[in-house]
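Inside the fold
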Amino acid sequence: MFLTTSFDITLTAWALAFTAAIVIGLSKAGIKGIAIVNVTLMALAFSAKASTGIVVPLLVVGDIFAVIYYNRHTRWSHIVKFLPWILVGIVCGVLIGNDLDEGVFKIAMAIIILVSVIMMYWWDRRKSKSVPTHWLFAGLVGTIAGITTMIGNLGGAFSNIYFLAMRVPKNEFIGTAAWLFLIINVLKLPLHIFVWETITVETLLFDLKLIPGIILGVFLGIRLVKIIKEDFYRKMILVLTALGAIMILIR
């Protein structure tokens, strides 16, 4: 189902889209790892490719709220190191996105995420305080994050893995990710408008009606983050990221 006018949208699609907007707000406020839920809901409401164009402007709105609230916690050194590789991945995603078999892509991505989560869990069990310093780690994870964020708005899972590996504290994790994805999603807008043509006047008007859902999600997410302890937050991200990978396989 490609979005043409707001009058063509069924009540079920509206409900799924509004729920997805709330999830976007929760994710941007710091409940990382649940972004796959909004992607899944939007894909159920609309066709997979069309849904990516609907989601990206909503992500930008959520990123703006997150940047406003968590800006003081941003660590730009991580963004400078990670962002260039994500941009490389986005270019790759644009080039291969039209011809890539979605089934193969989903399976490969889910396996990579699950293996990465298992590695992070093993790393935590060792109680090691060391972090990856070789450029190849940022290069590999960043490139995959760029490809997946362009094709399916799923780069968050790989950024989670990167920031967890860097042992970034909770608030700095959220603040740094907020700026990182604001930059990324703004850069994706013209690609969706002029290359894939998945963002139109109609989709933007539809997105405007979903903004209250994002605001509600951000408000709830900020309150939840305040009461979640640092150690539990790290474990929660690992679990939610793993569940997201499983959802990719079964959606």
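For clarity, every value in this text was computed on a predicted model and none was experimentally measured.

In this section: the packing of helix H7 (residues 156-165) against helix H8 (residues 170-195). At their nearest, the axes of H7 and H8 sit 11 Å apart, and the two run at 140 degrees to each other. On the basis of the axis angle, H7 is oblique to H8. When you trace H7 past H8, the crossing you get is right-handed. Together, Gly156, Ser159, Asn160, Phe163 and Leu164 of H7 and Phe173, Thr176, Ala177, Leu180 and Phe181 of H8 make up the contact between the two elements. In terms of residue class, the contact of H7 with H8 is built from six nonpolar, four polar and no charged.

Attention now moves to empty space enclosed by the protein. As enumerated under the stated definition, the model contains one cavity of 30 Å³ or more in all. Residue lining of the largest cavity: 30 residues in total, with Ala35, Asn153, Gly155, Gly156 and Ala157 positioned closest to the centre. Listed by contribution, the elements that provide at least two residues to the lining of the largest cavity are helix H1 (11-28), helix H2 (35-45), helix H3 (48-70), H7, H8 and helix H11 (230-250). Class assignment of the residues belonging to the lining of the largest cavity gives a composition of 15 nonpolar, 12 polar and three charged.

In total, this model carries two salt bridges according to the counting rule given. Here Glu172 makes a salt bridge to Arg75, at a shortest N to O gap of 3.1 Å. Of the two residues, Glu172 sits in helix H8 while Arg75 sits in the loop between H3 and helix H4 (76-96), which places them 97 residues apart along the sequence.

Those places that UniProt annotates as "transmembrane region" (unreviewed entry) correspond, in this numbering, to residues 12-31, 43-70, 76-96, 103-123, 135-165, 177-196, 208-225 and 232-250. Regarding residues 135-165, the helix share stands at 90% and the strand share at 0%, and the terminal C-alpha atoms are separated by 13 Å. Between the C-alpha atoms that bound residues 177-196 the distance is 26 Å, and the span itself is 95% helix and 0% strand.

Once that is clear, we can look at H8. Here H8 spans 36 Å end to end across 26 residues, near enough to the 38 Å set by a 1.5 Å rise per residue. Within two residues after H8, Glu197 carries a phi angle of roughly 55 degrees, on the positive side.

We now examine the packing of aromatic side chains. Inspection of every chain in the model, using the stated rule, returns 10 aromatic pairs. An angle of 65 degrees between the planes, with centres 4.7 Å apart, marks the rings of Trp14 and Phe206 as edge-to-face. Highlighted residues: Trp14 in helix H1 and Phe206 in helix H9 (residues 201-208), separated in sequence by 192 residues. On the basis of relative accessibility, which here comes to 24%, the residue Trp14 falls in the partly exposed class. With a centroid separation of 5.6 Å and an interplanar angle of 70 degrees, the aromatic rings of Tyr162 and Phe163 are classed as edge-to-face. Classification of Tyr162 by relative accessible area gives buried; the value is 0%. In this structure Phe163 comes out as buried when scored by relative accessible area, which is 1%. Put simply, the rings of Phe82, Phe137, Tyr162, Phe163, Phe173 and Tyr233 pair up and form one aromatic cluster.

Its place among the elements puts Asp207 in helix H9. Buried charged residue Asp207 carries no salt bridge. Nearest counter-charge: Lys209, at 11 Å. Excluding residues that lie within four positions of it along the chain, Asp207 makes contacts with Gly53, Ile54, Pro57 and Leu58.

Membership of the largest hydrophobic core comes to 63 residues, with the highest contact counts inside it found for Met42, Phe46 and Leu180. Among the elements that line this core, the one with the most residues is H1, at eight residues. In this structure Met42 touches Ala17, Ala20, Ser51, Ile54, Val55, Leu58 and Leu210, once residues within four positions along its chain are discounted. Counting residues in hydrophobic clusters, the runner-up holds five residues, among them Val60, Val67, Ala178 and Leu182.

The next subject is the environment of Thr198. Turning to its location among the elements, Thr198 is positioned in the loop between H8 and H9. Separated by 144 residues in the primary sequence, Thr198 and Ile54 place their C-alpha atoms 7.5 Å from one another. Polar side-chain contacts of Thr198 include one of 2.7 Å to the side chain of His192.

Rules used throughout
Residues numbered from 1 in each chain as written. Predicted model: local features only at pLDDT ≥ 70, side-chain atom pairs only at ≥ 80, totals over all residues. Heavy atoms only, no water. Axes fitted to C-alpha atoms, helices over the stretch in contact; angles between N-to-C directions. Helix = DSSP H or I, 4+ residues; strand = E, 2+ residues; numbered from the N terminus. Parallel < 35°, antiparallel > 145°, perpendicular 65-115°, else oblique. Left-handed = near helix turned anticlockwise from the far one by under 90°. Contact = heavy atoms within 4.5 Å. Nonpolar A, V, L, I, M, F, W, Y, C, P; charged D, E, K, R; others polar. 1 Å grid on protein atoms, 1.4 Å probe; cavity = no way out; pocket = protein on both sides within 12 Å on 5 of 7 lines; lining within 4 Å. Points joined across faces, edges and corners; volume = space filled by probe spheres on them. Salt bridge = Lys/Arg side-chain N within 4 Å of Asp/Glu carboxyl O. UniProt positions renumbered as here; feature names shortened; annotations may be inferred. Expected span 1.5 Å × (residues − 1). Phe/Tyr/Trp six-rings, centres within 6.5 Å; stacked < 30°, edge-to-face > 60°. Buried < 20%, exposed > 50% of the residue type's maximum accessible area, 1.4 Å probe, protein only. Lys, Arg positive; Asp, Glu negative; His and termini not counted. Core = buried A, V, L, I, M, F, W, Y, C linked by side-chain atoms within 4.5 Å. Polar contact = N/O pair within 3.5 Å; in protein donor to acceptor, adjacent residues only side chain to side chain.

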